[in-house]
Amino acid sequence: MLQNVSDFLVITKRQLLQMIRIPEVLIFATIQPAMFVLLFRFVFGGAIDSGVKGGYVQLLMPGIFVQTVAFTLAATAVGLAADMQKGLIDRFRSLPISRSAVVIGRTVGDTLQNIVTLIVMGLVGFLVGWRPSSGPVKVLLGFLFLLAFGYSMSWIGVLIGLSVREERVAQNLVFMTVFPLTFLSNAFAPTTGMPKILQYFAEWNPVSTMVAACRQLFGTQNIFGATANSWPSQNPILMSLIYMVLLVAIFAPISVRKYVRVSK
Amino acid sequence: MNSIIAHELVKTYDKGAVRALDGLNLDVKEGTVLGLLGPNGSGKTTTVRVLATLLTPDSGSATVAGIDVLKHPDEVRKVIGLSGQYAALDETLTGWDNLNMFGRLYHLNSSGAKKRAEELLEKFSLTEAAKRPIRTYSGGMRRRLDLAASLIVKPKVLFLDEPTTGLDPRGRMEMWEVIDDELKNQVGGERLEITVEANQIPEATKLVEQVTGTKPSVDNGIRKISAPVSNGSASLIQVLRLLDDAKIHPLDIGLKRPSLDDVFIALTGHVAEVVVEGGANVAKRK
Ligand SMILES: Nc1ncnc2c1ncn2[C@@H]1O[C@H](COP(=O)(O)OP(=O)(O)O)[C@@H](O)[C@H]1O
Ligand SMILES: [Mg+2]
């Protein structure tokens, strides 16, 4: 058991080393969401009359945070597909390590990267007027929530990465699915303006429940979903927790199984 | 002991459309080098992957170093080294990072992994490139590092799949030299071998042990005594003197260097792929 722990830590450490050896990757991974913050804040921020205290940026930040951690799925999928393609996964599979070490190491590594990204985004947000008003404990809780959501999304990424086996394919597939998912939500605009069927989807979308949960934890009224009276809209924190547990409970075992059988 | 036994291995792909292995049998003695020769698509890689526990055969059975590949894959992984058809390394990390990481994954402790990484870099003439990312390495350097990674724990069975494809002639030569050296290293270099009359075996054995400091292995059938030596010629002279003093006249005496036969190199240097399989006593190849 102790051995298993150290196995996955070696894999996680490898990822941290990669960040040090090629800092550009992390820099771009951080600049992109920071740019999003600035663009949305200044392009839409003026046009959207939010009606909340502190302006649109209060609603925007939780949205961008959730969008960013949702993309952990992409980081994991692309990273693992690249390892598959280069035959690294085969080499790992020929080593006397536990069957889950490589994928756990990967998901943990991607979550650690999220910490850096979230800190940078939080700071940029602060610079452009984001002021969480719920006190340090709830703010911290909000960030933990984001990390946990990113971690659970990462497990879907494991399955995708091991299934498509090619970096480019993984990249396209993931962007085609995660982007719509993050926009068909309450992250940037109210769900109440959407056509009925989309609205229904948006309200049950885990991205929406996460955004609503974060708005609550950061002390901003969630006016983008305020009038929605579906159960997830009314209980976003609980619903988000349920989603996270479900994601890990479903995808972790399937992904480990996939890893054991996968073959280049 | 047999280092590899394969019995009626069958492996098909694409729901049976491709029959890659069709009842493969192998029986490889410990301490031998086996080259698998065959045209592209004849199933060499598939064989290696099944034996290295990466692929489950449709039917049949196999043992590697005496361990059942299907029943105890985890145990098999502890005693094998695998260097696949393409160098499987983390391109963004340095050579040193890679070996250190694999060392840790073979469960060497922190200082053990570092020490082994340095030894291997030195042995494969990669010390200078150690701190450079793999993506700056030449094809030959990558293959050498890949081989180094598969030797971290001194495997009982080493699988090499096309160790020289993609390399230029010089790179190939270098790679074969490295492999040849490694096989010698696995057994600690030269051995002193003497053949004497049957009734002289006990005494001669004692003398050889006295000089070499290790217990010689004795084959009573062919009346041969052999022991590893580090300073070959000096030991040889010393043994000869002692034998002479004891009035024992050996029928044959000499130093044996383990090496890949020239024939083998000539053959495999020109064919697509080989599986080189080394054991703890490669030197005993006759
Ligand atoms: N993953 C795979 N899916 C389908 N067919 C495969 C796969 N891997 C190998 N094959 C087929 O199996 C046969 C044996 O391949 P392989 O073991 O790679 O041969 P070799 O290494 O001798 O070139 C070939 O016909 C090859 O096309
Ligand atoms: Mg092949």
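Nothing here was measured: the structure is a model prediction, and the numbers come from that model. (Residues numbered from 1 in each chain as written. Chains lettered and ligands numbered in written order. Predicted model: local features only at pLDDT ≥ 70, side-chain atom pairs only at ≥ 80, totals over all residues. Heavy atoms only, no water.)

**Things to note about the overall build of chain A**
How we decide: Helix and strand assignments follow DSSP, with helices taken as H or I runs no shorter than four residues and strands as E runs no shorter than two, numbered in order from the N terminus. As a reference, a globule follows 2.2 Å times the number of residues to the power 0.38, and the radius of gyration itself is taken over C-alpha atoms.
Regarding its fold elements, chain A presents 12 helices and zero strands. What you see in chain A, going N to C, is helices and strands ordered as α-α-α-α-α-α-α-α-α-α-α-α. A globule of 264 residues ought to have a C-alpha radius of gyration of about 18 Å, and chain A, at 19 Å, matches this closely. Overall size of chain A, expressed as C-alpha extent along the three principal axes, is 60 × 35 × 35 Å.

**Concerning the packing of helix α4 (residues 72–85) of chain A against helix α8 (residues 167–183) of chain A**
All names here are of chain A. Quick note on the threshold: With axes taken as lines fitted to C-alpha atoms, and helix axes fitted only over the stretch in contact, angles between N-to-C directions fall between 0 and 180 degrees. Note on terminology: angles under 35 degrees are roughly parallel, angles over 145 are roughly antiparallel, angles of 65 to 115 are roughly perpendicular, and the others are oblique. Here a crossing is called left-handed whenever its near helix is offset anticlockwise from the far helix by less than a right angle, and right-handed whenever the offset is clockwise. The contact criterion used is simple: two residues touch if any of their non-hydrogen atoms lie within 4.5 Å. Under this grouping Gly is polar, as are all residues other than the nonpolar Ala, Val, Leu, Ile, Met, Phe, Trp, Tyr, Cys and Pro and the charged Asp, Glu, Lys and Arg.
At a closest axis distance of 8 Å, the pairing of α4 and α8 adopts a crossing angle of 165 degrees. Comparing their axes, α8 and α4 come out roughly antiparallel. In this structure, α4 crosses over α8, and the sense of that crossing is right-handed. Contacts between α4 and α8 pair Leu 73, Ala 74, Ala 77, Val 78, Ala 81, Ala 82 and Gln 85 from the former with Glu 167, Ala 170, Gln 171, Val 174, Phe 175 and Val 178 from the latter. Class assignment for the residues of the contact of α4 with α8 results in 10 nonpolar, two polar and one charged.

**Details of the side chain of Asp90(B)**
Basically, it comes down to this: Under the scheme applied here, a residue whose accessible area is under 20% of the maximum for its type counts as buried, over 50% as exposed, and between as partly exposed, the area being computed with a 1.4 Å probe on protein chains only. In the analysis that follows, any N or O atom pair within 3.5 Å is treated as a polar contact, provided that within protein one partner can donate a hydrogen and the other can accept it, and provided that, for residues neighboring in sequence, both atoms belong to side chains.
Within the secondary structure layout, Asp90(B) lies in the loop between β5 (80–83) and α3 (95–105). Asp90(B) sits in the buried class, given a relative accessible area of 3%. A distance of 2.7 Å separates a polar atom in the side chain of Asp90(B) from a polar atom in the side chain of Gln18(A). Engagement of the side chain of Asp90(B) in a polar contact is seen with the side chain of Thr92(B), the distance being 2.6 Å. In contact with Asp90(B), not counting residues within four places along its chain, are Arg14(A), Gln18(A), Leu88(A), Asn98(B) and Ile134(B).

**Quick word on the sheet that holds strand β7 (residues 191–195) of chain B**
All names here are of chain B. Note the cut-off: DSSP bridges decide pairing: two strands pair if at least two such bridges lie between them.
Overall, antiparallel pairing links the four strands, which are arranged β8-β9-β7-β10 in an open sheet. Taken across any chain shown, the strands that pair with only one partner, and hence form the sheet edges, are β8 (217–219) and β10 (252–256). Ignoring strand direction, the axes of neighbouring strands in this sheet form an average angle of 15 degrees. Here three bridges tie β8 to strand β9 (residues 224–228), and the two strands are oriented antiparallel to one another. Bridge assignment links Asp 219 to a residue of β9, and that residue is Lys 224. Against the sheet, helix α7 (residues 201–212) contacts β7, β8 and β9, and its axis sits at roughly 10 degrees relative to β9. With respect to the sheet, helix α8 (residues 232–245) is in contact with β7 and β10, its orientation differing from that of β10 by roughly 165 degrees.

**A short note on the pattern of salt bridges**
In plain terms, the rule: Throughout this description, the term salt bridge denotes a Lys or Arg side-chain nitrogen within 4 Å of a carboxyl oxygen of Asp or Glu.
Per the counting criterion, the structure on display carries 21 salt bridges over all chains. The salt bridge involving Lys78(B) is made with Glu75(B); its shortest N-O contact spans 3.3 Å. With Lys78(B) and Glu75(B) both in helix α2 (residues 73–79) and three residues apart, the pair spans about one turn of that helix. When its relative accessible area of 46% is taken as the criterion, Lys78(B) is described as partly exposed. Given the relative accessible area of 37%, Glu75(B) is considered partly exposed. In this structure, Lys224(B) and Glu193(B) form a salt bridge, with 3.2 Å as the shortest nitrogen-oxygen distance. You can see Lys224(B) sitting in strand β9 and its partner Glu193(B) sitting in strand β7, a full 31 residues away along the chain. Glu193(B) carries the same exposure label as Lys224(B), and that label is buried. Taken together, the shared-partner salt bridges connect Arg14(A), Asp83(A), Arg106(A), Asp110(A) and Asp90(B) into one network.

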